[in-house]
Amino acid sequence: MHDLRWAHGLGPALLAWCAGVALELQQPALWSTEAYAALAALALLVLWRRRCWGAMPSLGMCLASALLSFACTGGHALWKSPGMDPALEGQDLDLVGVVQAMPQRQDIGWRFRFQVEQAHAVQGGQGVQVPEHIHLAWYGQDGVTDSGWNLTALPEPVQAGERWRLRARLKAAHGNLNPRGFDHELWLWEQGIRATGTVRAGAAHPAPLRLAQTWRHPMEWWRQSVRDRLQTRLGVTGNAGLNVGGIVVALVTGDQAAIDRSDWDVFRATGVAHLMSISGLHVTMFAWLAAMTVGWCWRRSALWGFKGALHWPAPQVGAVAGLGLAALYAAFSGWGVPAQRTVWMLGVVVLLRLSARQWSAGLVCLLAAAVVLTLDPWALLQPGFWLSFVAVAVLLWTSQREGPRTDAPQADPPCLCTKPVLERGVHRWRAWLGGLSGVHVVWPQGLARWGARVWGLLREQSVVTLALAPLCLLFFGQVSLVGLLANLVAIPWVSFVVTPLAMLGVLWSGFAVLAAAALRPLTTLLVWMASWPGASVSLALPPWGFAVLALLAALLWVSRWPKSWKLASLPLLWPALFWTAPRPAMGTYELLITDVGQGNAVLVRTARHSLLYDAGPRYSPESDAGHRVLVPLLAQMAERLDVLMLSHRDTDHTGGAPAVLAMQPQAALWSSLEAGHPLHAVAVSTKPCQRGQAWVWDGVRFEVLHPTALPQLPLDKPIKPNALSCVLRISDGVHSALLAGDIEAPQEQALVAAGLAPVDLLLVPHHGSKTSSTPEFLHALAPQLALVQAGYRNRFGHPAPAVLARYQGLRIRVVDSVHCGAATWRSDAPEQLVCERERARRYWHHAPP
């Protein structure tokens, strides 16, 4: 009884612990070590004096739990906080260290985590202090393109556990920050990476030298060996456009990069993305199979003469072995949050079984969540954490509300049904068949059991699908309408056929080939279902409050509350389903200057129209600003573009255009691109931008100021792309903005000669290059605010110090995307500029000098 009371009081304390973690994650800056120590001492004092709370001792325990978790999370963050010395950024450093994790192979080289053991400055040779854990990119040595990539002479292979001596140039861990976009700096922080850099390889630098193969990271070495072997054996064995070989590799090693981006689109549209990488379902299934196998062998060992089997019950041996092997599988797969959650939950269950304690399933789930957040507090900000735990909690809640199960073994049971409804259905079918034939029908007990299992599977999948729909809408802005049907087929097939075969592929690659063959019919089905009209619904990401209301309504619908309550909850769905991002008022406009690194991308919105000016850079052959920033941003706002205007052909302005046009097929393409450019074949309509073009949207005037008619030049003197940049002026009659592309001094002089009216906001030409922003140009425009879109510590040195001094001399406020992140400016409040790094500031975000 004492254990039951203690377990009952533990639930609120665990909830308070999780609440303390969540509160600490909202802090814009870390406190001092002394402050966290004092808070922890206060928590222990409250816990010691909890009896003084009189009739509410549990309240004191909850308060102490919240304070202690807040202090522990802050202390954990302080331990992670030492970062890169700004004085060492951009310098060439000689490093010695070990490859810490499985490297990622790309078309242009390698990316890998590196554990630094020694660091010396090239100039002077003195030892320097750099973060221990860094992330390096190693590209080829020759063939630099206009985007800075080395596409030939790829570097030699890198393996986990190898010690290397190499020269690298480091910078602080810095990422793009956009509204509700992927927080790359949070991901780096959670991984313990405090600096990133590139390996310096070429004639001017010493070649990287492999010193030895260590056994510092044997699990990562094993993962890489298995991944490389499976990739070599499977290759690209796609079917219906899907790379089933990459899916098998992801199921075995947890390398989600092995799955193509287009394949992920199909999985999200059909709601089966959780199955195509290591998930809690896979870890649980592996633990169950291991426990059953070890338990069976343990029982048999007593017959074989092993006396130890008589002293320790087989169920306990199987449970411990299953837990250990599941933890090994989770570690081998990369130790993701779903795998962590499952391992800790299984660990709690095993410990309770060994101690002969009985806790409710909800309390076990809550304890697992607290353990996960204690070890990795930042997992709370990952969608996978919420999807995993909410799914488990909903299943537990709905199953407990049904009352006791009816499938427990009984003496001579008539049937083993899990649902009274199914029992009645069985009896009615038996009576109906008997009436037709005149013969008493004995219903097969096995068929009834399987019918019950099918019914249970249908119900559980329906409950999870409905309950998680608001969270999917909140995190991804997409809900799969065919997900229920797709999961009914995919879950058993992937869990009990594909995954076991894939895991056996660790021992023999032939099993992996069989797993790929088993995936082909499933992928064909998924591609077909994803092509159905209305297979998935994409909506604007609702605010958190609206999503919580929708989640409450979904929970009511999967519960056993009266139908009147369920119908009354329908209005709670309305705000989340029909919420739209607020648009500017009629006669005004808004600029969202996105954070895309070294490139331009500005979203212009009026009351009913949208224009995207440039599409950001292409970061690598596998990644661009379209896929990483613009497509998710437009999707979460449910934005429908009317025009995509590309100022000129440079890849830092057109890199994301293919992805944007694929997502927004209705958008017209206006640009200064040459007639044969590939993007013309992608767009539904094209139009060259030319001076004199003007139009009005919702009371806002748009006018193209440049380029003029193209001059006829000799073939040996081609026109620079920068000189053809489309310059767009936007005005609501009172306040105006100028988007200048990459024009340089000659084009600026031509615009001044043609006549320039003052503006309120200027997108700084050519990212602040020394070839632009002439004094005459700035005097003519006289902007109050100048925005610079440039990458952190970019190789061009943008914005140039001399240009910044020129703006400051004219008392023009300059804001760059490095310090501001994405910036929002509205013509009806021209004095206000909302910076994402200020609005959503958290302590893990980099503060550039």
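Rules used throughout
- Residues numbered from 1 in each chain as written.
- Predicted model: local features only at pLDDT ≥ 70, side-chain atom pairs only at ≥ 80, totals over all residues.
- Heavy atoms only, no water.
- Helix = DSSP H or I, 4+ residues; strand = E, 2+ residues; numbered from the N terminus.
- Buried < 20%, exposed > 50% of the residue type's maximum accessible area, 1.4 Å probe, protein only.
- Contact = heavy atoms within 4.5 Å.
- Areas by Shrake-Rupley, 256 points an atom, 1.4 Å probe, with all protein chains shown as cover.
- Arc of directions from axis to C-beta.
- Pairing = 2+ DSSP bridges.
- Axes fitted to C-alpha atoms, helices over the stretch in contact; angles between N-to-C directions.
- Disulfide = S-S within 2.5 Å.
- Salt bridge = Lys/Arg side-chain N within 4 Å of Asp/Glu carboxyl O.
- Parallel < 35°, antiparallel > 145°, perpendicular 65-115°, else oblique.
- Left-handed = near helix turned anticlockwise from the far one by under 90°.
- Core = buried A, V, L, I, M, F, W, Y, C linked by side-chain atoms within 4.5 Å.
- pLDDT = per-residue confidence, 0-100.
- Patch = residues over 30% accessible without salt bridge, like charges linked within 9 Å, V, L, I, M, F, W, Y side chains within 5 Å.

Asks: Can you help me understand the overall build of the protein in this one?
Replies: In terms of regular secondary structure, the protein is built from 28 helices and 28 strands. Counting across all 849 residues of the protein, residues that qualify as buried make up 50%. Taking as baseline every contact in the protein between residues at least 6 positions apart, the subset at least 24 positions apart corresponds to 69%. Carbon and sulfur atoms form 63% of the exposed surface of the protein, whose accessible area is close to 39600 Å².

Asks: What exactly am I supposed to notice about helix α24 (residues 745–754) here?
Replies: The α-helix winds at 3.6 residues per turn, so residues separated by three or four positions along the chain end up facing the same way. The set of residues buried in α24 consists of Q747, E748 and L751. An end-on view of α24 places all buried positions within 100 degrees of arc, on one side of the element. Set apart from the buried face of α24 by more than 90 degrees, the exposed residues are P746, Q749 and A753. In the core, the buried residues of α24 are packed alongside β21 (700–706), β22 (727–731) and α25 (775–781). Just downstream of α24, G755 is the residue with a positive phi angle, here 105 degrees.

Asks: What's the story with unusual backbone geometry in this structure? I'm lost.
Replies: For residues other than glycine, phi is negative in most cases, and the peptide bonds are mostly trans. The residue after H706, namely P707, is reached through a cis peptide bond having omega 5 degrees. Residue H798 is joined to P799 through a cis peptide bond whose omega torsion reads -10 degrees. Looking at the secondary structure, you find P799 in the loop between β25 (785–788) and α26 (801–809). Within the chain, A782 stands out as a residue other than glycine whose phi angle is a positive 45 degrees. Note that A782 resides in the loop between α25 and β25. At R793, a position not held by glycine, the phi torsion is positive, near 50 degrees. One can find R793 in the loop between β25 and α26.

Asks: Would you take a moment to explain the sheet that holds strand β14 (residues 610–613) for this structure?
Replies: The strands making up a sheet associate through backbone hydrogen bonding, with each pair oriented either parallel or antiparallel. Spatially, β19-β18-β17-β14-β13-β12-β27-β28 is the arrangement adopted by the 8 strands of the open sheet, whose pairing is mixed. Strands with a single pairing partner mark the edges of an open sheet, and in this sheet they are β19 (686–688) and β28 (829–835). Averaged over all adjacent pairs, the angle separating strand axes in this sheet is 20 degrees, with direction ignored. The pairing of strand β13 (residues 602–605) with β14 spans 4 bridges and is classified as antiparallel. Within β14, the residue paired with V602 across the bridge is Y613.

Asks: Quick question: what am I supposed to make of the state of the cysteines here?
Replies: By definition, a disulfide links two cysteine residues through a covalent bond between their sulfur atoms. Within the structure shown, the criterion is met by 2 disulfides. Across the disulfide, C689 is cross-linked to C726 (sulfur-sulfur distance 1.7 Å). Because the sign of the S-S torsion sets the handedness, a value of about -45 degrees for the bond joining C689 and C726 places this disulfide among the left-handed ones. Taken together, the positions of C689 in the loop between β19 and β20 (694–697) and C726 in the loop between β21 and β22 put the pair 37 residues apart, joining distant regions of the chain. Using a relative accessible area of 5% as the deciding quantity, one classes C689 as buried. Taking only the cysteines that form disulfides and numbering them from first to last, the protein has the pattern 1-2, 3-4. Summary of cysteine pairing: C365 is not part of a disulfide, and the nearest cysteine sulfur, belonging to C18, is at 9.7 Å.

Asks: Would you mind going over the pattern of salt bridges with me for this structure?
Replies: If the charged atoms of two oppositely charged side chains come close together, the side chains can form a pair. Tallied over the full model, the rule gives 21 salt bridges. As a salt-bridge pair, D94 and R167 come within 2.9 Å of each other at their nearest N and O atoms. Highlighted residues: D94 in strand β1 (residues 92–99) and R167 in strand β7 (residues 162–172), separated in sequence by 73 residues. Counted as one network, the salt bridges with shared partners bring together R583, E590, R605, E639, R826 and D828.

Asks: I'm lost on the packing of helix α5 (residues 218–234) against helix α6 (residues 244–253) in this one. Help?
Replies: Packed helix pairs are specified by the crossing angle of their axes together with the interaxial distance, meaning the distance between the axes. For the pair α5 and α6, interaxial distance at closest approach is 10 Å and the crossing angle is 160 degrees. Between α5 and α6, the angle falls in the class roughly antiparallel. By crossing handedness, the relation of α5 to α6 is classed as right-handed. Mapping the contact onto sequence places R223, V226, R227, L230, Q231 and L234 in α5 and G245, V248, V249, V252 and T253 in α6.

Asks: Quick question: what am I supposed to make of the nonpolar core here?
Replies: Across soluble globular proteins, nonpolar side chains have a tendency to be buried as a group. V248, V252, F267, V272, M276 and L526 are the most contacted members of the largest nonpolar core, which totals 47 residues. Contributing elements (two or more residues each) for this core: α5, α6, α7 (261–270), α8 (280–303), α9 (314–332), α10 (337–354), α15 (483–504) and α16 (509–530). Not counting chain neighbours up to four residues away, the residues in contact with V248 comprise L234, A502, A512, A515, A516 and L519. Y589, V815, C820 and C835 belong to the second largest nonpolar core, which has 32 residues in total.

Asks: How should I be thinking about the confidence of the model for the protein in this particular structure?
Replies: Close inspection of predicted coordinates is inappropriate in any region flagged by low pLDDT. Averaged over all residues, the pLDDT of the protein equals 85, while 87% of them reach at least 70. Across residues 142–152 the pLDDT falls below 50, and counting only partners more than four positions away or on other chains, this stretch makes 28 contacts in the model. Across residues 403–443 the pLDDT falls below 50, and counting only partners more than four positions away or on other chains, this stretch makes 37 contacts in the model.

Asks: Looking at this model, I keep getting lost on the pairing of β1. Mind explaining?
Replies: Every other side chain in a regular strand lies on the same face of the sheet, so the side chains alternate between the two faces. Summarising burial for β1: 7 of the 8 residues are buried, a large majority. Of the strand pairs in this sheet, β1 and β7 are connected by 7 bridges, and their pairing is antiparallel. The residue bridging V96 from the neighbouring strand is R165, located in β7.

Asks: Looking at this structure, I do not really get a nonpolar patch on the surface. What am I missing?
Replies: A cluster of nonpolar side chains, W288, L289, M292 and F496, forms an exposed patch at the surface whose accessible area comes to about 450 Å². Take the nonpolar patch: its biggest share by element is 3 residues, from α8.

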